[in-house]
Amino acid sequence: MEKIITMAHGAGGKQTSELINDIFKKHFSNPHLTSDDAAVLDPPKGKMAMTTDGFIVSPADFPGGNIGKLSICGTVNDLACMGARPLYLTNSFIIEEGLPFSNLERYAAAMEKTAHEAGIEIVAGDTKVAGKGQVDRIFITTTGVGELVEGASPAGSKAAPGDAVIVTGDIGRHGCAILLSRDNYGMEADVQSDCAPLWGTVKSVLDTTKNIHVFRDATRGGVGTVLYEIAAESNVGIKIDRPAIPVDPAVQGVCGMLGLDPVYLACEGRLVILVPKAEAAAVLETLQNGPYSKNAAIIGEVTGELPGRVIMKTEIGTETLLPAPGGELLPRIC
């Protein structure tokens, strides 16, 4: 019979110790991981960035990743978008009674692998077990700390007229992969989530130039929502060229059949970067030589006209207002 999580695993006794030793210590071991009440760490040399995030994706396993990988990528990418090298991460697991041990170990192994790639150490954590039906399998909450790269200070409020708008790859794959994984539509398509840790991508860009105005990861609400957020924060207009936006043919096909717009589908491995036009060519070349950004593209520019609005040039050459995002675009994608 397959071993499962029971309420005893969250009670703090023998079973809890076994859970910690057999899964978490096994996969998260590093010099800073602690069994005490808090980790004692060396501080960053300069300013630091700190972020926290919750992950409740349904289903917890999806093509291209799972909730464990996603929890590391989401935290690392939030730090990276502030120009911060990821250092430390803590996590909290809320596990539904009855979850197979093999599932939990799979998620922990994915976290181990992704954290190693991103260069971040998991240093402390907490585990709770909820009764059957109180949680959808497993929820993970993370907090990350990073060290700001000297000379870099990107922010959503720093977009300026004349900036080029770059996306680091084809968009909408994560949202599409999650949608298909739910099997609500009887559709089949070869769509893998783009879920990836992007500190290496950001570092390569910052090694090219520190003069980056905005990094933003296009998660919930996708690229369209991110552009509207930046336009509002910086009080600028943004013009994008729809044919220039890279979209995987399979994603485009699914969106066409369901009446969805990939501009609003979530990514978990794509950045929107705003950079002065004079730096754009060098940044694009750097990105196109990276493992997670080979089909990066310049998709538009920032303008002083129509602040707070995003204007889209269509496939037939006309210009239209990109609809502002609203409502529930696609639930439970992270």
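Structure's up top.
Note that this is a predicted model, so its numbers are computed, not measured.

Before going further, it helps to examine the overall build of the protein chain. The helix and strand tally for the protein chain stands at eight helices and 13 strands. Scaling as 2.2 N^0.38, a compact globule of 334 residues should have a C-alpha radius of gyration of about 20 Å, and the protein chain matches this with 21 Å. In terms of overall dimensions, the protein chain has C-alpha extents of about 65 × 50 × 30 Å along its principal axes. Put simply, the protein chain has 334 residues, and 51% of those count as buried. Contacts spanning at least 24 positions in sequence make up 85% of the contacts within the protein chain whose residues lie at least 6 apart. Roughly 14,700 Å² of accessible area belongs to the protein chain as shown, and the carbon and sulfur atoms make up 52% of that amount. Once the 28 positive and 40 negative side-chain charges of the protein chain are each reduced to a mean point, those two points are 1 Å apart.

As a further point, take the packing of helix α2 (residues 67–80) against helix α3 (residues 101–118). At a closest axis distance of 7 Å, the pairing of α2 and α3 adopts a crossing angle of 30 degrees. In terms of orientation, α2 and α3 fall into the roughly parallel class. Of the two possible hands of crossing, α2 and α3 adopt the one that is right-handed. Seen from α2, the contacting residues are Ile67, Gly68, Lys69, Ser71, Ile72, Cys73 and Val76; seen from α3, they are Tyr107, Ala110, Met111, Thr114, Ala115 and Ala118.

By the definition in use, this model includes zero disulfides. Unpaired in terms of disulfides, Cys73 finds its nearest cysteine sulfur in Cys195, a separation of 3.7 Å. Given the relative accessible area of 0%, Cys73 is considered buried. Cys176 supplies the cysteine sulfur nearest to Cys255, a cysteine that is in no disulfide, at a spacing of 5.6 Å.

What follows is about the packing of helix α5 (residues 199–208) against helix α8 (residues 277–288). Between α5 and α8, the shortest axis-to-axis distance is 9 Å and the interhelical angle comes to 145 degrees. Taken as a pair, α5 and α8 cross one another with a handedness that is right-handed. Contact residues: α5 offers Thr201, Ser204, Val205 and Thr208, while α8 offers Ala282, Val283, Thr286 and Leu287. The residue inventory of the contact of α5 with α8, partitioned by class, reads four nonpolar, four polar and no charged.

In this section: the packing of aromatic side chains. A complete count under the given rule lists two aromatic pairs for this structure. Taken together, a centroid distance of 5.8 Å and an interplanar angle of 25 degrees make the contact between Phe24 and Phe28 stacked. Of this pair, Phe24 and Phe28 both sit in helix α1 (residues 14–28), four residues apart, which is roughly one turn of the helix. As far as the burial class goes, Phe24 and Phe28 line up, both buried. Taking NZ or CZ as reference, Lys3 lies 4.5 Å from the ring centre of Phe101, over its face.

Our next topic: the sheet that holds strand β8 (residues 214–217). On the basis of which strands lie adjacent, the open sheet formed by seven strands has the order β8-β10-β7-β11-β9-β12-β13 and mixed pairing. In this open sheet, the two strands that pair with only one neighbour each are β8 and β13 (319–321). Averaged over all neighbouring strand pairs, the angle between strand axes comes to 25 degrees, with direction disregarded. Sheet analysis places strand β7 (residues 163–167) next to strand β11 (residues 297–303), joined by four bridges and oriented antiparallel. Paired with Ile166 across the bridge in β11 is Ile298. This element, α8, spans β7, β10 (271–276) and β11 of the sheet and lies at about 140 degrees to β10.

If you trace the backbone, Thr303 turns up in strand β11. Among the polar contacts listed, one links the side chain of Thr303 to the backbone nitrogen of Glu305, at a separation of 3.1 Å. With sequence-adjacent residues up to four places away left out, Thr303 is seen in contact with Pro161, Val236, Gly237, Ile238 and Lys239.

About the criteria used
Residues numbered from 1 in each chain as written. Predicted model: local features only at pLDDT ≥ 70, side-chain atom pairs only at ≥ 80, totals over all residues. Heavy atoms only, no water. Helix = DSSP H or I, 4+ residues; strand = E, 2+ residues; numbered from the N terminus. Rg over C-alpha atoms; globule rule 2.2 N^0.38 Å. Buried < 20%, exposed > 50% of the residue type's maximum accessible area, 1.4 Å probe, protein only. Contact = heavy atoms within 4.5 Å. Areas by Shrake-Rupley, 256 points an atom, 1.4 Å probe, with all protein chains shown as cover. Lys, Arg positive; Asp, Glu negative; His and termini not counted. Charge placed at Lys NZ, Arg CZ, Asp CG, Glu CD. Axes fitted to C-alpha atoms, helices over the stretch in contact; angles between N-to-C directions. Parallel < 35°, antiparallel > 145°, perpendicular 65-115°, else oblique. Left-handed = near helix turned anticlockwise from the far one by under 90°. Disulfide = S-S within 2.5 Å. Nonpolar A, V, L, I, M, F, W, Y, C, P; charged D, E, K, R; others polar. Phe/Tyr/Trp six-rings, centres within 6.5 Å; stacked < 30°, edge-to-face > 60°. Lys NZ or Arg CZ within 6 Å of the ring centre and 35° of its normal. Pairing = 2+ DSSP bridges. Polar contact = N/O pair within 3.5 Å; in protein donor to acceptor, adjacent residues only side chain to side chain.

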